[in-house]
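# Notes for the structure review
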Amino acid sequence: MSDLDKTIVMDASGGHPDCEVCPVCNTPLETDAGQADMLRCPICRFVKKQKVVIAPGNTIGNKYRVLNHLNSGGCGDLFLCHPLDNAGIRYVLKVLRNADLTNRKRFRREATLLSSITGEERIAKVIDYWETGEDAFIIMEYINGKNLKQLKDEFVFEEQTTLQIAYETAIALSYIWNNFSVIHRDIKPENIMLDENYCVKLLDFGLSKQCSDDEDTNITMARSGLGTPGYMSPEQYSDGKNADFRSDIFSLGATMFFLLTGEKPFKGVTAMEVYNDTLANSPPMVSRFSDLCSADCVNVIRKMMQRYPEDRYYSYEELLDDLERLIQ
């Protein structure tokens, strides 16, 4: 996976830490050459014990057995597991990586938020959550399916399929915004799955933000950029604390663009280059995908991806009306 496909927490200079850092001098820690279970700072020589590696066969929390590693995200690793008392059930174990204070707050918030969202079947559900020392764990619903990035590698997404997926995803996003004032902030093909019945499931609320939560805002203010380059709205790069639902609409439009073209709408070698392209060329040029869908579909995506939030859809209801009209 390219670094630009990963969720980032980007500081104002364009950097994005992807490993544990030294609490003394903020230098990335490295595995000690003489002691594989220790992390050492190459600058000030600070040392700490490495987190326990979770491996197949391990028992976690005295309740679940790990089966195999599934994937790694921005700040967590995913494993397939089952409860000890029922080997026929499958869950996903999400383990926090880079357990600094901010990431722990985000991880805890994701678990709390998803535990409270029980009325929308398009959102993956949390089964269990606990913390032990520096470790934190979420047990989530296992979805037998593939994400849109995986499916795009195998199939051609035509206009009607793309519109239907966008419509179902927008319903889920509308639910969390209208009922909880929550924005996802990391909408991209990898975070939208189709299950075995071809139903949409929205994943990974690790960067989600509850706009009415002061503590949530304080967490966001510690960094200036949150999301995945190429799908992030312009305001997410520089003013993430003030982003609202229109940022998710922008990212959903970028996801639709990817499904139709196989490309991200904005390009660059680094996150900052992608950001500059986002500002220079938002929304994407019509000529890049006008031959792949109808003029009406092009116009919907362009409106979703306008540079300034006030020029995008003013509500999910308006967006859903346009999507439904095109589907019909």
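Residues numbered from 1 in each chain as written. Predicted model: local features only at pLDDT ≥ 70, side-chain atom pairs only at ≥ 80, totals over all residues. Heavy atoms only, no water.

## Quick word on the environment of Val95
Relative to the helices and strands, Val95 resides in strand β8 (residues 91-96). For Val95, a relative accessible area of 7% puts it in the buried group. With 41 residues separating them in the primary sequence, Val95 and Ala136 have C-alpha atoms 6.1 Å apart. (Helix = DSSP H or I, 4+ residues; strand = E, 2+ residues; numbered from the N terminus. Buried < 20%, exposed > 50% of the residue type's maximum accessible area, 1.4 Å probe, protein only.)

## A short note on the packing of aromatic side chains
As enumerated under the stated definition, the model contains 10 aromatic pairs in all. When the centroid spacing of 6.3 Å and the interplanar angle of 50 degrees are considered together, the rings of Phe107 and Tyr129 count as tilted. With Phe107 in helix α1 (residues 101-116) and Tyr129 in strand β9 (residues 126-132), this residue pair connects regions lying 22 residues apart in the sequence. Between the aromatic rings of Trp130 and Phe137, the centroid separation amounts to 5.1 Å while the plane-to-plane angle is 25 degrees, which identifies the pairing as stacked. Trp130 gets classed as buried once you look at its relative accessible area, which sits at 15%. (Phe/Tyr/Trp six-rings, centres within 6.5 Å; stacked < 30°, edge-to-face > 60°.)

## Looking at the sheet that holds strand β14 (residues 200-202)
Strand order in the open sheet made by the 3 strands is β11-β13-β14, with antiparallel pairing throughout. Every other strand in the sheet has two partners, leaving β11 (145-147) and β14 as the edge strands with one partner each. Direction aside, neighbouring strands of the sheet carry axes that sit 30 degrees apart on average. Pairing between strand β13 (residues 192-195) and β14: 3 bridges, direction antiparallel. Within the sheet, the bridge partner assigned to Met193 lies in β14 and is Lys201. (Pairing = 2+ DSSP bridges. Axes fitted to C-alpha atoms, helices over the stretch in contact; angles between N-to-C directions.)

## Examining the pattern of salt bridges
Throughout the structure, instances matching the rule amount to 18 salt bridges. Arg325 is the salt-bridge partner of Asp322, the closest N and O atoms lying 3.5 Å from each other. Taken together, the positions of Asp322 and Arg325, both in helix α9 (residues 316-327) and 3 residues apart, correspond to about one turn of that helix. Classification of Arg325 as partly exposed rests on a relative accessible area of 45%. Salt bridges sharing partners connect three or more residues here, namely Lys94, Glu110 and Asp204. (Salt bridge = Lys/Arg side-chain N within 4 Å of Asp/Glu carboxyl O.)

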